[in-house]
Amino acid sequence: MEPLPTPCPADRVPDATGLDALRDACKAAKDQRVAFIAVERQGPRWMVQADTLTAPQHIIDPSGYDAVRGRHPPHPRTRDPPRLLAGPVCFVLYDVDGEGRARELAAALHAALYGDLEPLARAVSPTS
């Protein structure tokens, strides 16, 4: 797998659909010692995954963590926010409508994990 830039642009976010693809993407991030980022198809929807355990030297700035927890997109039809799992090192955004949108959100999340909050601010609006 080609090395991931940090932060990772949308067109380079790995598709981790399937166990082999997930394992390969995770191993590549671990080998490169960068924060893991990937999208995964789940039926008609997509999921965004990020994990900083693959980058043991990486520390998430508190403002980046707060931005990720406080900004995630509403569902396009119901306006309800998708399910967001935001732990201290692992972030998962479920029920994303479309691969393109999942990649956009993944790139914005990855940038936020590396301290650049601008892409996240552009990609989503704050939730209340």
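Located above this text is the structure these notes cover.
Residues numbered from 1 in each chain as written. Predicted model: local features only at pLDDT ≥ 70, side-chain atom pairs only at ≥ 80, totals over all residues. Heavy atoms only, no water.

A. Spatial organisation of the overall build of the protein. Within the protein, the secondary structure is distributed over four helices and four strands. Moving toward the C terminus, one meets the helices and strands of the protein in the order α-β-β-α-β-β-α-α. For the protein, the residues scored as buried account for 43% of the 128 residues in total. For the protein, contacts bridging at least 24 residues in sequence account for 54% of all contacts bridging at least 6. In the structure as shown, the protein presents an accessible area of about 6800 Å², 54% of it carried by carbon and sulfur atoms. (Helix = DSSP H or I, 4+ residues; strand = E, 2+ residues; numbered from the N terminus. Buried < 20%, exposed > 50% of the residue type's maximum accessible area, 1.4 Å probe, protein only. Contact = heavy atoms within 4.5 Å. Areas by Shrake-Rupley, 256 points an atom, 1.4 Å probe, with all protein chains shown as cover.)

B. A look at the side chain of Thr-54. Within the secondary structure, Thr-54 sits in the loop between β2 (45-51) and α2 (62-70). Judged by relative accessible area, Thr-54 falls into the buried class, the value being 7%. Within the structure, Thr-54 has its side chain in polar contact with the backbone nitrogen of Phe-36 (distance 3.0 Å). Not counting residues up to four positions away in its chain, the partners in contact with Thr-54 are Cys-26, Ala-29, Lys-30, Arg-33, Val-34, Ala-35 and Phe-36. (Polar contact = N/O pair within 3.5 Å; in protein donor to acceptor, adjacent residues only side chain to side chain.)

C. Here's a closer look at the nonpolar core. Among the nonpolar cores identified, the biggest contains 25 residues, and Ile-37, Val-48 and Leu-109 are the most heavily contacted of them. Within the residue set of this core, elements represented by two or more residues are β1 (36-42), β2, α2, β4 (90-96), α3 (99-113) and α4 (118-123). With residues up to four places along the chain from it excluded, the contact list for Leu-109 reads Ile-37, Val-48, Ala-50, Val-68, Phe-91 and Leu-120. Grouped together as the second largest cluster of nonpolar side chains are six residues, Ala-25, Val-34, Phe-36 and Ala-38 included. (Core = buried A, V, L, I, M, F, W, Y, C linked by side-chain atoms within 4.5 Å.)

D. Representation of the pattern of salt bridges in the model. Applying the stated rule across the entire model yields eight salt bridges. A salt bridge links Arg-23 to Asp-24; its shortest N-O distance comes to 3.9 Å. Residue Glu-118 is joined to Arg-122 by a salt bridge in which the shortest nitrogen-to-oxygen separation is 3.7 Å. Of the two residues, Glu-118 and Arg-122 both sit in helix α4, four residues apart, roughly one turn of that helix. Overall, Glu-118 belongs to the partly exposed group, its relative accessible area being 46%. The network of salt bridges with shared partners includes Asp-20, Arg-23 and Asp-24. (Salt bridge = Lys/Arg side-chain N within 4 Å of Asp/Glu carboxyl O.)

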